[in-house]
Amino acid sequence: MLHLLLSRLPPRSLLQMSATCTQLNAELKNETFWRQSYINTFLWDGAASDARARDQVKALVQGCMGVGGRGWKREALSREGMLE
């Protein structure tokens, strides 16, 4: 249940949550939360598990993966900052 709730939060909220509790901080070191938050925030809520979104997700992950990839957390926070 915790995983589902956290994955629906926007990236900045995840960062704030990680500062509230040692256990949450440990949980949020897992890139899976950041990946799902990133996809849900920048496509639509639930897109991380939607087969129809596969091509859109592939376009988004270019900066997160591969050689020189920044990782989901850094990319999500950076992108959210750019939008503000």
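Rules behind the numbers
- Residues numbered from 1 in each chain as written.
- Predicted model: local features only at pLDDT ≥ 70, side-chain atom pairs only at ≥ 80, totals over all residues.
- Heavy atoms only, no water.
- Phe/Tyr/Trp six-rings, centres within 6.5 Å; stacked < 30°, edge-to-face > 60°.
- Helix = DSSP H or I, 4+ residues; strand = E, 2+ residues; numbered from the N terminus.
- Buried < 20%, exposed > 50% of the residue type's maximum accessible area, 1.4 Å probe, protein only.
- Expected span 1.5 Å × (residues − 1).
- Contact = heavy atoms within 4.5 Å.
- Axes fitted to C-alpha atoms, helices over the stretch in contact; angles between N-to-C directions.
- Parallel < 35°, antiparallel > 145°, perpendicular 65-115°, else oblique.
- Left-handed = near helix turned anticlockwise from the far one by under 90°.
- Nonpolar A, V, L, I, M, F, W, Y, C, P; charged D, E, K, R; others polar.
- Polar contact = N/O pair within 3.5 Å; in protein donor to acceptor, adjacent residues only side chain to side chain.
- Core = buried A, V, L, I, M, F, W, Y, C linked by side-chain atoms within 4.5 Å.

S.K.: Quick rundown of the packing of aromatic side chains? Include the residues and the values.
M.R.: All told, the structure shown has one aromatic pair when counted by the stated rule. Here the aromatic rings of Tyr38 and Trp72 are separated by 5.5 Å at their centres, their planes lie at 65 degrees, and the arrangement is edge-to-face. Residue Tyr38 is located in helix H4 (residues 31-42), and its partner Trp72 is located in helix H6 (residues 72-83); the two are separated by 34 residues in the primary sequence. In terms of burial, Tyr38 and Trp72 fall into one category: buried.

S.K.: For H6, give the residues involved together with the corresponding values.
M.R.: In a regular helix each residue adds 1.5 Å, so 12 residues correspond to 16 Å; H6 covers 16 Å between its end C-alpha atoms and thus fits that length. Residues of H6 that are buried include every one of Trp72, Glu75, Ala76, Leu77 and Glu80, and no others. Buried-residue contacts for H6 involve helix H2 (11-18) and H4.

S.K.: Summarise the packing of H4 against H6; cite the residues concerned and give the values.
M.R.: The contact between H4 and H6 brings their axes to 8 Å, and the two run at 30 degrees. The orientation of H4 with respect to H6, classified from their angle, is roughly parallel. Seen along the crossing, H4 lies across H6 with a hand that is left-handed. Facing Glu31, Trp34, Arg35, Tyr38 and Phe42 of H4, the residues of H6 in contact are Trp72, Lys73, Glu75, Ala76, Leu77, Arg79, Glu80 and Leu83. Of the residues contributing to the contact of H4 with H6, the split by class is seven nonpolar, no polar and six charged.

S.K.: Kindly report on H4, identifying the contributing residues and their values.
M.R.: With 12 residues, H4 ought to run about 16 Å at 1.5 Å a step, and its terminal C-alpha atoms sit 16 Å apart, in line with that. Among the residues making up H4, those that are buried are Phe33, Trp34, Gln36, Ser37, Tyr38, Ile39, Asn40 and Phe42. If you check the start of H4, you find a side-chain oxygen 2.8 Å away from the backbone N of Thr32, and it comes from Asn30.

S.K.: Can you tell me about the packing of H2 against H4, naming the residues and giving the values?
M.R.: It is the contact of H2 with H4, at a shortest axis distance of 9 Å, that shows an interaxial angle of 145 degrees. Facing Pro11, Leu14 and Leu15 of H2, the residues of H4 in contact are Phe33, Trp34, Ser37, Thr41 and Phe42. Here the contact of H2 with H4 is built from residues that sort into six nonpolar, two polar and no charged.

S.K.: Go over the nonpolar core, please, and point to the residues and values.
M.R.: Ranked by internal contacts, the top residues of the largest apolar core, which has 14 residues, are Leu6, Leu14, Leu28, Trp34 and Tyr38. Elements supplying a minimum of two residues to this core: H4 and H6. Per element, the largest residue contribution to this core is five residues, and it comes from H4.

S.K.: Tell me about the environment of Leu77, residues and numbers included.
M.R.: Tracing the sequence through the fold places Leu77 in helix H6. Sequence separation between Leu77 and Leu15 is 62 residues, and the spatial gap between their C-alpha atoms is 8.5 Å. In this view, Leu77 contacts Pro11, Arg12, Leu15 and Trp34; residues no more than four positions away in its chain are not counted.

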